[in-house]
Amino acid sequence: MEGLDEDAVDFRATYDNEDREPVVFPGPFPNLLANGASGIAVGMATNIPPHNVAEICDALQLLIEARMGRRGAVTMAEIMERMPGPDFPTGGVIVDTPDTLAEAYETGRGSIRLRARWEKESTGRGTWQIVVTEIPYQVNKARLIERLAALVNERKVPLLADVRDESAADLRIVLEPKSRNVDPELLMETLFRLTDLEIRYALNLNVIDLDGTPRVLSLKGALEAFLDHQRTVLQRRTAHRLKQIDDRVEVLEGYLVTYLNLDEVIRIIRSEDEPKPVLMARFELTERQADAILNMRLKSLRKLEEMEIRAELDRLLAERAELERLKESPRRQWAALGARFAEVKEMFAPDTALGARRTRFGEAPEAPAQPLEEALVEREPITVVCSERGWVRAIKGHLPPEQELSFKEGDRERFRFHAHTTDRLLAFTSSGRMHTIPASRLPGGRGHGEPLKLMVDLDGDEEVVALLAHRPAGKLLLASTDGRGFIVAEEDVLAQTRTGRQVMRPAAGARALAAVPVEGDHVAVVGTNRKLLIFPVAEVPELARGRGVILQRYRSGRLSDVAVFRREEGLSWRMGGESGRRRNLTEIEPWLGRRGAAGRLAPSGFPRDNRFG
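In what follows, the accompanying structure is described.

Thresholds applied
Every chain is numbered on its own, with residues counted from 1 as its sequence reads. Local features in this predicted model are restricted to residues whose pLDDT is 70 or higher, and side-chain atom pairs enter the listing and the counts only when it is 80 or higher, whereas totals over whole chains, interfaces and linings include all residues. Each side-chain value is worked out from all heavy atoms of the structure, with water and hydrogens disregarded. Labels follow the DSSP assignment, with helices taken as runs of H or I lasting at least four residues and strands as runs of E lasting at least two, numbered in each case from the N terminus. Here the globule rule is a power law, 2.2 Å times the number of residues to the power 0.38, and the radius of gyration is based on C-alpha atoms. Accessibility here uses a 1.4 Å probe with only protein chains present; expressed as a share of the type maximum, an area under 20% marks a residue as buried, one over 50% as exposed, and anything in between as partly exposed. Pairs of residues are marked as contacts when any of their non-hydrogen atoms sit within 4.5 Å. The Shrake-Rupley method, run with a 1.4 Å probe sphere, supplies the accessible areas, and residue values consider only the shown protein chains as cover. Only four residue types enter the charge count, namely Lys and Arg as positive and Asp and Glu as negative; His and the chain termini do not. To locate a charge, the coordinates of NZ of Lys, CZ of Arg, CG of Asp or CD of Glu are taken. In this description, strands pair whenever DSSP reports at least two bridges between them. In these notes, a set of buried Ala, Val, Leu, Ile, Met, Phe, Trp, Tyr and Cys residues joined through side-chain atoms within 4.5 Å is what counts as a nonpolar core. For every element, the axis is a line fit to its C-alpha atoms; helices are fit only across the contacting stretch, and the angle between N-to-C directions ranges from 0 to 180 degrees. Salt bridges are counted wherever a side-chain nitrogen of Lys or Arg sits within 4 Å of a carboxyl oxygen of Asp or Glu. Each angle gets one of four labels, with under 35 degrees taken as roughly parallel, over 145 as roughly antiparallel, 65 to 115 as roughly perpendicular, and the rest as oblique. Here is the rule for handedness: rotate from the far helix to the near one, and if that takes an anticlockwise turn smaller than a right angle the crossing is left-handed, while a clockwise turn gives right-handed. By the convention adopted, Pro, Cys, Tyr, Trp, Phe, Met, Ile, Leu, Val and Ala count as nonpolar, Lys, Arg, Asp and Glu as charged, and the other residues, Gly among them, as polar. Think of a polar contact as two N or O atoms within 3.5 Å of one another; within protein, one of them needs to be a possible hydrogen donor and the other a possible acceptor, and neighboring residues in sequence only count if both atoms come from side chains. Here the expected length of a helix is defined as 1.5 Å per residue gap, with one fewer gap than residues. Arc definition: it is the arc formed by the directions from the helix axis to the C-beta atoms.

**Focus on the overall build of the chain**
Scanning the chain from terminus to terminus reveals 14 helices and 32 strands. Over its C-alpha trace the chain gives a radius of gyration of 40 Å, far above what one expects of a compact globule, namely 25 Å for 613 residues. For the chain, the spread of C-alpha atoms along the principal axes amounts to about 140 × 70 × 50 Å. Across the 613 residues of the chain, 43% fall into the buried class. Intrachain contacts of the chain at a sequence separation of at least 6 include 66% that bridge at least 24 residues. Accessible surface computed for the chain: about 33,100 Å², of which carbon and sulfur atoms make up 47%. Treating the 90 positive side-chain charges of the chain as one cloud and the 96 negative ones as another, the clouds have centres 7 Å apart.

Here it is as structure tokens:
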């Protein structure tokens, strides 16, 4: 608040219009960046993290040097050498890369990945435990421990045996592993993902600028705005002090006249009915000087001393000359601000308990060699079964294809394949979205399972057209009813949310039809017009997403089915009846062509539903 009584900032009426309050505080402490701010207004929000005061002062000094002409323009990289990132009062470890932080500070928006600090503590005889000593900013410790205890009780983290709160003056949360053979890094990676031991702090540098307009600033923009504000404060305080000095100098000069002519002044005051105009005319005094003399007590007049008056007058004249030079010189103003920020830094020096950095920086963790689901779930064989109405379940063991299964009345089997509990399943829908479902989350084989809609978000008319186990290095051929398709890598279609990932974008009136593993060198497509076309897989491009290219043309009809096969093994399709036998076509030359052709009628005996099965 230093400078509030020196006209450093503007004042406005309070909410009840009974008093006045400063629009902004004038002090040199960078409160907005040092302590941060968070709030939600109408149509906008702000979320500014706290920073280290000494680092802020260092960055301000860098900008001051540029404004004094001692160096060139300051870059964001140079600022981040002085201010590498936020400094949260609760400590923790920032695991974002410098490039990620630089991008967030450059745009004023982003997220900061903040983790708890932990260490492995030996408990003797080869056993150990994990001790968490710092948790992320604004995370409630009690709720965090409740969440950890719930994970233990619900057995969602098999690697964790127990959690204890041993906090006293310092934070100390003890995590006990299931056994000494547990990998502590893997255990913590699991907890970071499932609890608030890791958070993402949303950075939103939305501030009210010097002109009163809310806007999102970069870190450099916020620092420069603070410097401009401080320079304005300095100029206004300087002007206010100069006015005070001028007023005092005027009064002192009148006192000096009084001292040199004390007897005459006293005579005029005693003898004249209106002494003020007489004094002004007799000694060429100003009205202010005359008022000051007349308002003095006689006792004070007797105590006037010429040396004291002249000493104070000389001191004020020297101060005025210095302030005049400061007022006229921008370089002197920036130098004065630099000195003030140096004083602030000295109060919050990095080597003091008050100014020491609390939040550390760590390397961004690498992705685990295997998905966490695989690490935490015991690998067991299962048979995934999904009905036409979308009821899915996982039956233990690899069941033979001929084994009969029960379904709800009016429902029947649509997908059945072998997998393992550690697998991830890919569900391709008619809208072209790909969903990822951990096999370990499927309901057991007892009963009819659960609707797939409970696991992923599906629109009302959207249906699953393909369900298969993910292969880490595999590729899929995606096709839509208008005869278009393309190849996509399975790693590129994995989704992290219930909404899935939009991979294929069918044209208006068309729907996604199939997702077939690319395990062969030729593609076979058949339309509802029973025309079959075979062409090399190499003619189908590999894309990340889109509509794809034309696989088969139609005058009337649409794509019915697609298959990928090896030429030496021939093209096969299921035969009619319940036998489950398949017919194999090795002489495929009559149906060989270029991608995008119409094809020719399928051979005799081809299924009436125009599907390879």
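Alright, that's what it looks like, and here's the rest.
**Focus on the pairing of strand β29 (residues 559-565)**
Burial within β29 is extensive, with 7 of its 7 residues counted as buried. Here 6 bridges tie strand β26 (residues 522-527) to β29, and the two strands are oriented antiparallel to one another. The partner of valine 523 across the bridge, within β29, is valine 564.

**So, the nonpolar core**
Of all hydrophobic cores here, the largest spans 78 residues; its most connected members are Ile173, Leu175, Leu191, Leu197 and Leu223. For this core, the element with the highest residue contribution is helix α7 (residues 219-260), accounting for 12 residues. Residue contacts for leucine 197: discarding those within four places in its chain leaves Leu114, Arg115, Ala116, Val132, Pro136, Leu144, Leu148, Met188, Leu191 and Phe192. In terms of nonpolar packing, the next biggest core, distinct from the first, is built from 20 residues, Phe415, Leu425, Ala427 and Val464 among them.

**Some words on the sheet that holds strand β16 (residues 391-396)**
With antiparallel pairing, the 4 strands of this open sheet are ordered in space as β17-β15-β16-β20. The open sheet has two free edges, formed respectively by β17 (413-420) and β20 (450-451), since each of these has just one partner strand. In this sheet, β20 lies alongside β16 in antiparallel orientation, the contact comprising 2 bridges. Bridge pairing in β20 places tryptophan 391 opposite proline 451.

**Focus on the environment of threonine 422**
Within the fold, threonine 422 resides in the loop between β17 and β18 (424-429). Put simply, threonine 422 and glycine 110 are 312 residues apart on the chain and 34 Å apart in space, counted from C-alpha to C-alpha.

**Regarding the sheet that holds strand β9 (residues 160-165)**
A sheet is described by the order of its strands in space; here 4 strands give the open sequence β7-β8-β10-β9, paired in antiparallel fashion. Edge positions in the sheet fall to β7 (117-124) and β9, since each of these pairs with one other strand and no more. For this sheet, the mean angle separating the axes of adjacent strands, direction not counted, is 25 degrees. Pairing analysis gives 3 bridges linking strand β8 (residues 127-134) to strand β10 (residues 173-177), with the strands arranged antiparallel. Within β10, the position partnered with isoleucine 130 by the bridge is leucine 175. Against the sheet, helix α5 (residues 141-153) contacts β9 and β10, and its axis sits at roughly 155 degrees relative to β9. Running over the sheet, helix α6 (residues 184-194) touches β7, β8, β9 and β10 and is turned about 140 degrees from β7.

**Quick notes on the pattern of salt bridges**
Pairing between side chains becomes possible if they bear opposite charge and their charged atoms approach one another. Evaluation of the coordinates by the stated rule reveals 45 salt bridges. Of the charged contacts in the structure, one is a salt bridge between glutamate 176 and arginine 164, with a shortest N-O distance of 3.1 Å. Here glutamate 176, found in strand β10, pairs with arginine 164, found in strand β9; they are 12 residues apart in sequence, far enough to count as distant. Taking relative accessible area as the criterion, arginine 164 reaches 28% and is therefore assigned partly exposed. With a closest N to O distance of 2.5 Å, arginine 325 and glutamate 322 form a salt bridge.

**Comments concerning the environment of alanine 510**
By the element assignment, alanine 510 lies in the loop between β24 (501-502) and β25 (512-517). Here the alpha-carbon distance between alanine 510 and proline 330, two residues 180 residues apart in the chain, equals 69 Å. Not counting chain neighbours up to four residues away, the residues in contact with alanine 510 comprise Thr481 and Asp482.

**Some words on the packing of helix α2 (residues 53-67) against helix α13 (residues 330-347)**
Following both chains from N to C, one finds α2 and α13 inclined at 165 degrees, their axes separated by 9 Å at the closest point. Classified by the angle their axes make, α2 and α13 are roughly antiparallel. Two packed elements cross with a definite hand, and for α2 against α13 that hand is left-handed. Together, Val53, Ala54, Cys57, Asp58, Leu60, Gln61, Ile64 and Arg67 of α2 and Trp334, Leu337, Gly338, Phe341, Ala342, Val344 and Lys345 of α13 make up the contact between the two elements. When grouped by side-chain class, the residues that make up the contact of α2 with α13 number 10 nonpolar, 2 polar and 3 charged.

**Describing the side chain of glutamate 189**
Positionally, glutamate 189 belongs in helix α6. When its relative accessible area of 19% is taken as the criterion, glutamate 189 is described as buried. At 2.9 Å, the side chain of glutamate 189 forms a polar contact with the side chain of arginine 115.

**Quick word on α5**
Look at α5: 18 Å from first C-alpha to last across 13 residues, which is about the 18 Å you get at 1.5 Å a residue. Buried within α5 are the following residues: Leu144, Ile145, Leu148, Leu151 and Val152. An end-on view of α5 places all buried positions within 120 degrees of arc, on one side of the element. Exposed and facing more than 90 degrees away from the buried side of α5 are Arg143, Glu146 and Asn153.

**Some thoughts on the side chain of serine 430**
In this structure, serine 430 sits in the loop between β18 and β19 (433-438). Owing to a relative accessible area of 4%, serine 430 belongs among the buried residues under this scheme.

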